[in-house]
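# A closer look at the structure
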Amino acid sequence: MKTLLKHIILTLTIAISCFNCTEEIALETDGFEDVLVVEATLTNELKHQEVKLSRTYLIEGDTQILENGANVSIINAMGNTYNFSQNGDGIYISNTAFEALPNINYTLYITTSNGMQYKSTETELTPISTIDELYAELTEEGANADKVQVLVNSNNETTNAQYFRYEYIETHKITVPYYSTLDAKINNVVGDGLQYNIYTVPKTENKQTCYITNSSNTIIQTSTSDLETNIVNKFPIRVIEKDNALLREQYSILVKQYVQSFEAYQYYKIINDLSADESLLSESQPGFVVGNIMPIDNNSKRAIGYFDVSSVSSQRLFSNFNDLNITQPPYPFNCESELSVINPMGPYPFNYNENHLILDYTLAGQLTTPPTPNQRAILYNYLTKKDYQYLDGDYPIYTILSPACGDCTSFPSSSNIQPDFWED
């Protein structure tokens, strides 16, 4: 949800700013207002609940500003108070685990470090709903034809649930195509790699197979209020190109369905609409988007955000290319060795694919036309400064790989520890 919060902050910063566009320009903040941003969804899960506080920031900025040192609490209509404490990520976590109960109103209270006081309107838990089916299929028609869609079905004919918001966390397995259990080390360096020795040692951890995890960073909503039946049917949560490496081995997605009130649904819908270019750059800006967080006294500035009390259900799906009847997607990088000769009169191996290099320590370059590369220098530079991985070889010929082809931990958001939920 951190990326979603950033999305909301940036969108609303733009909404607060006042500007007209008649031609393409670089976006800059005009009339910036420093405003508290609140993201708080209390659920019916028995857990340590979370409240996220930050500040608006300039459109041209890229650093999220956390709101530190605030006092945060939730009080229900029964008089129970749940206090929150800030963790290392700037998120406020309830000191005790609790859950939202039906037919009880809850109010969020915030006092910032500079004494500004805010509270939400009284809010109660939304109707209970469950995800009946979560599945993936290759779509044959429409805008997403020939793509894999993750779809949700939810029958709410016996409930009053009509407004839904979704989040997902997806994880996929990735195995590098080439791997060695040895690492290359360098010693006895002369100059800046003019001469040196290479030796190998066993790797201290396995970096052949990893699990990459990412979360949704957009607002995903749907409503059944205008339908003849109160059923969410084949609603797309995620659309994936069929040749995406997500599906190359094993793919898992955890989908959470939040039931929203009409007011919460409308608030998030406005935020989502504002994030579209045609809305952000229209000549008529809507200005401040009102949520349900209000200043308690006149000394406090207004705040952006919504305190949502939602019932939630979740379901996990595992899938891969075999389940979907598609061709196995390619590895995301070309890791094959590609050698040629640039001078037939004096053969000198030249690597065309920088991801997979076969280098000769004895070849220190020549002033020919065209000049021949200094493979000794390349080998030194790539092993010491570019984190290339040793694959094979001994003096003088060595094969090395880019991190993307030989070290799965080089991928963003990756871990070589298998998640507890994983199924192969």
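Please refer to the structure higher up on the page.
Residues numbered from 1 in each chain as written. Predicted model: local features only at pLDDT ≥ 70, side-chain atom pairs only at ≥ 80, totals over all residues. Heavy atoms only, no water.

Right, let's talk about helix 5 (residues 375-385) for a bit. Structurally, the α-helix is built with 3.6 residues per turn, so residues lying three or four positions apart point the same way. Taken together, the buried positions of helix 5 are occupied by Gln375, Arg376, Leu379, Tyr380, Tyr382 and Leu383. Sitting at the amino-terminal end of helix 5 is Asn374, which places a side-chain oxygen 3.1 Å from the backbone nitrogen of Arg376. (Buried < 20%, exposed > 50% of the residue type's maximum accessible area, 1.4 Å probe, protein only. Helix = DSSP H or I, 4+ residues; strand = E, 2+ residues; numbered from the N terminus. Polar contact = N/O pair within 3.5 Å; in protein donor to acceptor, adjacent residues only side chain to side chain.)

As for its position among the elements, Ser319 is in strand 21 (residues 312-319). Accessibility expressed as a relative area gives 5% for Ser319, which makes it buried. As for Ser319 and His172, which are separated by 147 residues in sequence, their C-alpha atoms are 9.6 Å apart. Every residue in contact with Ser319, bar those within four places of it in the chain, is listed here: Ala136, Glu249, Gln250, Tyr251 and Leu324. (Contact = heavy atoms within 4.5 Å.)

What follows concerns the pairing of strand 1 (residues 36-43). Within strand 1, eight of the eight residues are buried, which leaves it mostly tucked inside the rest of the structure. Judged by which residues are buried, strand 1 turns out to be covered on both faces: Leu36, Val38, Ala40 and Leu42 on one side and Val37, Glu39, Thr41 and Thr43 on the other are all buried. As paired strands, strand 1 and strand 20 (residues 303-310) are joined by eight bridges and run parallel to one another. Across the sheet, Ala40 pairs through a bridge with Phe307, a residue of strand 20. Examined bridge by bridge, strand 1 and strand 2 (residues 50-55) share five bridges and lie antiparallel to one another. (Pairing = 2+ DSSP bridges.)

Among the nine residues that make up strand 11 (residues 147-155), seven are buried, leaving the element largely enclosed by the rest of the structure. With seven bridges joining them, strand 10 (residues 133-139) and strand 11 adopt antiparallel strand pairing. Looking at the pairing, Ala136 lines up with Val150 of strand 11. Where strand 11 lies against strand 17 (residues 231-241), eight bridges are found, and the strand directions are antiparallel. Residue pairing across strands places Asn155 opposite Ile231, the latter belonging to strand 17.

This structure, assessed with the given rule, holds two disulfides. Each sulfur of the disulfide joining Cys210 and Cys408 lies 2.0 Å from the other. Looking along the S-S bond of the Cys210-Cys408 disulfide, the torsion reads about 55 degrees, which is the right-handed sense. Of this pair, Cys210 sits in strand 15 (residues 209-215) while Cys408 sits in the loop between helix 6 (403-406) and strand 27 (414-415); the two residues are 198 residues apart in sequence, bridging distant segments of the chain. Across the pair, exposure class does not vary: Cys210 and Cys408 are buried alike. Each disulfide pairs two cysteine sulfurs, and for Cys335 the partner residue is Cys405, the sulfurs being separated by 2.0 Å. One quick way to see it: the torsion about the S-S bond of Cys335 and Cys405 is about -85 degrees, and its sign makes the bridge left-handed. With Cys335 in the loop between helix 4 (321-324) and strand 22 (339-341) and Cys405 in helix 6, this residue pair connects regions lying 70 residues apart in the sequence. (Disulfide = S-S within 2.5 Å.)

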